[in-house]
Amino acid sequence: DESAYQLVHHCLLLDLVTRALAADPELAAAVYARARGTVHATEGWWRPLGIFELAKLKTVEMTLERFVEHRRAGNLPANFGHIGLPFNIL
């Protein structure tokens, strides 16, 4: 079935991306900065968001900032975050 194939492909791709980002804090920082910059550069990006959605976005941003900070400092092992890294919800 085509939809099942697409779902499996998406999951495998997401796993590869999150593993790469978890393993390389500089790559994670670059991807995060680009994604955040793109969102925040869009005029009125916050308008369609309710308080819950805006709080969720800010929480994800802070989580990614702390992740990069602690990976750069060596406080987290290289494989930390390869499952559940919040890049997949940006």
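Each value, and the rule that gives it
- Residues numbered from 1 in each chain as written.
- Predicted model: local features only at pLDDT ≥ 70, side-chain atom pairs only at ≥ 80, totals over all residues.
- Heavy atoms only, no water.
- Helix = DSSP H or I, 4+ residues; strand = E, 2+ residues; numbered from the N terminus.
- Buried < 20%, exposed > 50% of the residue type's maximum accessible area, 1.4 Å probe, protein only.
- Lys, Arg positive; Asp, Glu negative; His and termini not counted.
- Salt bridge = Lys/Arg side-chain N within 4 Å of Asp/Glu carboxyl O.
- Polar contact = N/O pair within 3.5 Å; in protein donor to acceptor, adjacent residues only side chain to side chain.
- Contact = heavy atoms within 4.5 Å.

Some points on the side chain of arginine 71
Step number 1: Along the chain, arginine 71 turns up in helix α3 (residues 51-72).
Step number 2: At 6.6 Å, aspartate 24 is the nearest oppositely charged side chain to arginine 71, a buried residue that forms no salt bridge.
Step number 3: One polar contact links the side chain of arginine 71 to the main-chain carbonyl oxygen of alanine 23, over a distance of 2.9 Å.
Step number 4: What arginine 71 contacts, discounting residues up to four positions off in sequence, is Ala22, Ala23, Asp24, Pro25, Leu76, Pro77 and Ala78.

Digging into the pattern of salt bridges
Once the charged atoms of two side chains with opposite charge are near each other, the side chains can pair.
Step number 1: A complete count under the given rule lists four salt bridges for this structure.
Step number 2: The closest approach of N and O atoms between arginine 72 and glutamate 26, which form a salt bridge, is 2.9 Å. Remark: glutamate 26 occurs in helix α2 (residues 25-41) and arginine 72 occurs in helix α3; sequence separation between them is 46 residues.
Step number 3: Taking relative accessible area as the criterion, arginine 72 reaches 49% and is therefore assigned partly exposed.
Step number 4: Glutamate 26 gets classed as partly exposed once you look at its relative accessible area, which sits at 45%.
Step number 5: Two residues, glutamate 69 and arginine 66, come together in a salt bridge whose shortest N-O distance is 3.0 Å. Residue glutamate 69 and its partner arginine 66 are both found in helix α3; the two are separated by three residues, about one turn of the helix.
Step number 6: Judged by its relative accessible area of 40%, glutamate 69 is partly exposed.
Step number 7: Bridged by salt links that share partners, the residues Arg36, Lys58 and Glu61 form one connected network.

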